[in-house]
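Residue strings, one per chain:
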Amino acid sequence: PVKRRNGYQTTIEAFAELRKVRPDLEYWIVGGTDDPVFLTSLRATIARLGLGDAVRFLGRVDEATLVGLYHGCMFFWLLPEDDGEQFHGFGLVYWEANACGRPVIGASDSGAGDAIEDGTNGLLIRSARVDEAVSAARRLIDSPELRERLGKAGITHAKPWRDAAVQMMGVYRDVRADRA
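For clarity, every value in this text was computed on a predicted model and none was experimentally measured. (Residues numbered from 1 in each chain as written. Predicted model: local features only at pLDDT ≥ 70, side-chain atom pairs only at ≥ 80, totals over all residues. Heavy atoms only, no water.)

**Student:** Looking at this structure, I do not really get helix α4 (residues 92-99). What am I missing?
**Tutor:** In an α-helix, one turn spans 3.6 residues; hence positions three or four apart end up facing the same way. Of the residues making up α4, those classed as buried are Y94, W95, A97 and N98. In an axial view of α4, the angular spread of the buried residues amounts to 160°, which keeps them on one side of the axis. A positive phi of about 80° marks G101, the residue just after α4. (Buried < 20%, exposed > 50% of the residue type's maximum accessible area, 1.4 Å probe, protein only. Helix = DSSP H or I, 4+ residues; strand = E, 2+ residues; numbered from the N terminus. Arc of directions from axis to C-beta.)

Next comes the structure, spelled out in structure tokens:
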């Protein structure tokens, strides 16, 4: 879903910088939102940055469409950040993109770190760092070889759903033990 905690403000700001050198790029955002105020804020940022023709909100899509979007993208990025209310947990979406052979970019101080091995199947940056997001994206945009290497590694790095469930249960047990 399109939520504040997913770092869309950061990715949109970073995307604006990328478009200055690559005006052909597009940024497609998949997922519904139950927060019309946040969506209005994102649309205002997009308009302010002159990105209205380059950012598309696709809403909720079925699984086949989602898989097709993963296969068709250059890379997948989701840069979660602590919004003071919610935290982005385990990074299954990165494994989904990896399973489709796509490199990923995530924030190291979120659940992305559980799914991304920096430099192996994707790149990790710190949350809410536009400069780092631009740098990571530029590395992938400028190097088809890096995209291919990370994407191929991602296919083998992505866990089957059964393994992902076991790992997620371990994370929940660790959190529960920390609170006890």
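What follows picks up the thread again.
**Student:** I tried to follow the sheet that holds strand β4 (residues 104-107) on my own but got confused; where do I start?
**Tutor:** Strands belonging to one sheet form pairs held by backbone hydrogen bonds; the direction of such a pair is parallel or antiparallel. Taken together, the three strands give an open sheet; going across it, the order is β3-β4-β5, and neighbouring strands pair in parallel fashion. Each edge of the open sheet is held by one strand with a lone partner, namely β3 (76-77) and β5 (122-125). Strand direction decides the pairing type here: β4 and β5, joined by four bridges, are parallel. Bridge pairing in β5 links V104 to G122. (Pairing = 2+ DSSP bridges.)

**Student:** Help me understand the nonpolar core, please; the structure alone is not making it clear to me.
**Tutor:** When a protein is soluble and globular, its nonpolar side chains tend to lie buried together. Ranked by size, the top nonpolar core spans 42 residues in total, and within it Y8, F15, Y27, W77, Y94 and I105 carry the most contacts. The residues touching W77, leaving out its near neighbours within four places in the chain, are T11, A14, F15, L18, Y27, I105, A133 and A137. (Core = buried A, V, L, I, M, F, W, Y, C linked by side-chain atoms within 4.5 Å. Contact = heavy atoms within 4.5 Å.)

**Student:** I'm lost on the layout of surface pockets in this one. Help?
**Tutor:** Gaps between atoms show up when a probe of the same size as a water molecule is rolled over them. Volume-wise, the largest pocket comes out at about 1000 Å³. As for the largest pocket, its lining consists of 35 residues, and the residues nearest its centre are W28, I29, V30, Y70 and F76. Among the secondary structure elements, those contributing two or more residues to the lining of the largest pocket are α1 (8-21), β1 (27-30), α3 (63-72), β3 and α4. A per-element tally of the lining of the largest pocket places α3 first, with five residues. Broken down by class, the residue content of the lining of the largest pocket amounts to 24 nonpolar, seven polar and four charged. (1 Å grid on protein atoms, 1.4 Å probe; cavity = no way out; pocket = protein on both sides within 12 Å on 5 of 7 lines; lining within 4 Å. Points joined across faces, edges and corners; volume = space filled by probe spheres on them. Nonpolar A, V, L, I, M, F, W, Y, C, P; charged D, E, K, R; others polar.)

**Student:** Could you clarify how one ought to interpret the pairing of β1 in this entry?
**Tutor:** Side-chain direction in a regular strand flips from residue to residue, so the side chains alternate between the two faces of the sheet. Where burial is concerned, the two faces of β1 differ: the one with Y27 and I29 is buried and the one with W28 and V30 is not. With four bridges connecting them, β1 and strand β2 (residues 55-59) associate as parallel partners. Across the sheet, V30 pairs through a bridge with G59, a residue of β2.

**Student:** Can you help me understand the pairing of β4 in this one?
**Tutor:** What you see with β4 is no split at all: V104 and G106 on one side and I105 and A107 on the other are buried throughout. Sheet analysis places β3 next to β4, joined by two bridges and oriented parallel. Counterpart to W77 in the pairing with β4 is I105.

**Student:** Whenever I open this one, the side chain of T45 confuses me. Can you help?
**Tutor:** Looking at the secondary structure, you find T45 in helix α2 (residues 36-48). Excluding residues that lie within four positions of it along the chain, T45 makes contacts with Q9, I12 and E13.

**Student:** Looking at this structure, I do not really get the pattern of salt bridges. What am I missing?
**Tutor:** Here the structure, examined in full by the defined rule, presents eleven salt bridges. Close ionic contact of R126 with E132 constitutes a salt bridge, the shortest N to O distance being 2.3 Å. (Salt bridge = Lys/Arg side-chain N within 4 Å of Asp/Glu carboxyl O.)

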